[in-house]
Amino acid sequence: MQAIIVEGGRPLVGGVRVHGAKNSVLPILAAAILAPGQSVIHNCPPLSDVAASLDILRHLGCRAEQHGTDLTVDATALTGSSVPDALMREMRSSVIFLGAILGRTGEAELTFPGGCELGPRPIDLHLRAIRELGAEVKEEGGRLHCRGKLTGKEIVFTRPSVGATENAMLCAVTAEGTTTLHNAAREPEIVDLQGFLRAMGAEVQGAGSSTILIQGGRPLHGGEYTVLGDRIVACTYLAAAAAAGGAVTVTGAQPGHFSTVTAVLAEAGCTVRTGPDWVELVSREGLKGVRPIHTAPYPGFPTDAQPPVLAALARGRGTTLFVEHIFENRYRHAQELCRMGADIKVEGRVAVVSGVPSLHGAAVEAADLRGGAALLVAALGAEGESRITGLRHLDRGYANLEDSLSALGGRVRRVELEPSAEHRTVF
Ligand code: UD1
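Quantities reported herein were computed from a predicted structural model and do not represent experimental measurements.

*Asks:* Can you walk me through the site of the ligand in this structure?
*Replies:* With respect to spatial proximity, 18 residues lie near the ligand, and among them Asp-124, Leu-125, Ser-161, Asp-304 and Ile-326 are the closest. A distance of 3.0 Å is found between an oxygen atom of the ligand and a side-chain nitrogen or oxygen belonging to Asn-23. A distance of 2.5 Å is found between an oxygen atom of the ligand and a backbone nitrogen or oxygen belonging to Ile-326. When the free accessible area of the ligand is taken as 740 Å², the share hidden by the protein chains comes to 86%. Those elements giving two or more residues to the shell around the ligand turn out to be α5 (124-132) and α6 (162-172). Here the residues of the shell around the ligand sort into six nonpolar, six polar and six charged.

Below, the structure is given as structure tokens:
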């Protein structure tokens, strides 16, 4: 087992470039199977979730290779339409392959994704959209069987869902006729999916607004596309700089995509300046509590940025109230932060974070991806040494994390734990 060891209390200074957005790469990789031919996708980070997607593509008969940050997928020889349970379990968001497989082959079979670390993850909106487009969907023994000829339709989502919007787009580009998605999710990663689908020859417009129009049935071919920078990774580095103190410039992501987060960090006492693809954050005075933070679908405060920002505000003056509206079980980092001396009370969807003058290092374990990022943020601002385990979660969404933080002056290193050290909880 591996751990990240952090010697906290050192300011972070310098520049860091964020990698491509995980949440863009995954649906774009699914889209690549929609047509025969080769697609090239640039700016893809080496993440375990990306590797899991490539395994699914290979299982389906595609050629899929990663050279640095370029991915090449050739879906000409696609043979399969079913994804085995073991591959589905690797990554909860593999349900995104449902729409693409169905769109390409007219049928799809995969495991019903269960809950995940963040609580139940229903897919009723995905299935309703696919049914409305004409597919027959059967659920048998935990497997989903979908088949049918798809026809364009007006679909009204009862709530904006990123995955359901993407799945509906993936099916609809292959359906005969026009599909209109109402109350669609508006995340930048959906605009990225639209960009790649257009590069494949699809006619899609409106992504980024709540109405997406798809003219289905256009001939599709492989596409070439560069994925946008990861706004949540950018927020994580900014939260780390806010927590540890210092002056950090984050490049490679568009500040307009996470302005709700930079506004909070500015309100907490940081000086924030932005340009077209950079954000500079200076944190010198310590942080103070801010007005209540409600997570919301884009363009609201992103649920994925809640854990690292909460961790930063755990040390400082004043109290901040967080209200989590997207996922039920998204405060598992709070109890670990309390082991570092934080004062956080969680009740249901609400967390009350009372800033403390200092945190201390501790042995803590990540229970989910962004929760792991929260522990790292807190450890960078804490006094003494922390040991973070549960790295399989962090590796799903962050590449080169230790190197990037070390380059900023953080003392962060990954170590292999002796089996006997795995259960030791004190240093
Ligand atoms: C995506 C992101 C994830 C982010 C989340 C919210 C990817 C790969 N993951 O996840 O990082 O945290 O958006 O921004 O892009 N819901 C239903 N029924 C459904 C689908 C969703 O009730 O069929 C609910 C969910 O339980 C949740 C809310 O809708 O409460 C939003 O979920 P959704 O936008 O679908 O998130 P994901 O696409 O799973």
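*Asks:* It is not clear to me how the UniProt feature "binding site: phosphoenolpyruvate" (unreviewed entry) in the chain should be interpreted in this structure. Could you clarify?
*Replies:* UniProt feature "binding site: phosphoenolpyruvate" (unreviewed entry): in the numbering of this structure it lies at Lys-22 and Asn-23. Tracing the chain through its elements places Lys-22 in helix α1 (residues 22-31). You can call Lys-22 buried: its relative accessible area is 5%. Apart from the residues lying within four places of it in its own chain, the contact partners of Lys-22 are Leu-47, Asp-49, Asp-230, Leu-369, Arg-370, Arg-396 and Gly-397. Along the chain, Asn-23 falls in helix α1. Residues in contact with Asn-23, not counting those within four places in the same chain, are Glu-166, Glu-189 and Asp-304.

*Asks:* Help me out: how do you make sense of the sheet that holds strand β19 (residues 343-347) in this one?
*Replies:* Two modes of strand pairing occur in sheets, parallel and antiparallel, and in both the strands are linked by backbone hydrogen bonds. Across the sheet, four strands lie side by side as β17-β18-β20-β19; this open sheet has mixed pairing. Edge positions in the open sheet fall to β17 (293-294) and β19, since each of these has one partner strand only. For β19 and strand β20 (residues 350-354), the ladder comprises five bridges, and the chain directions are antiparallel. In the strand pairing of β20, Lys-345 is matched with Val-352. Its contacts with the sheet place helix α10 (residues 306-313) against β17, β18 (319-323), β19 and β20, and it is angled at close to 165 degrees to β18.

Reading the values: rules and limits
- Residues numbered from 1 in each chain as written.
- Predicted model: local features only at pLDDT ≥ 70, side-chain atom pairs only at ≥ 80, totals over all residues.
- Heavy atoms only, no water.
- Near = heavy atom within 4 Å.
- Polar contact = N/O pair within 3.5 Å; in protein donor to acceptor, adjacent residues only side chain to side chain.
- Areas by Shrake-Rupley, 256 points an atom, 1.4 Å probe, with all protein chains shown as cover.
- Helix = DSSP H or I, 4+ residues; strand = E, 2+ residues; numbered from the N terminus.
- Nonpolar A, V, L, I, M, F, W, Y, C, P; charged D, E, K, R; others polar.
- UniProt positions renumbered as here; feature names shortened; annotations may be inferred.
- Buried < 20%, exposed > 50% of the residue type's maximum accessible area, 1.4 Å probe, protein only.
- Contact = heavy atoms within 4.5 Å.
- Pairing = 2+ DSSP bridges.
- Axes fitted to C-alpha atoms, helices over the stretch in contact; angles between N-to-C directions.

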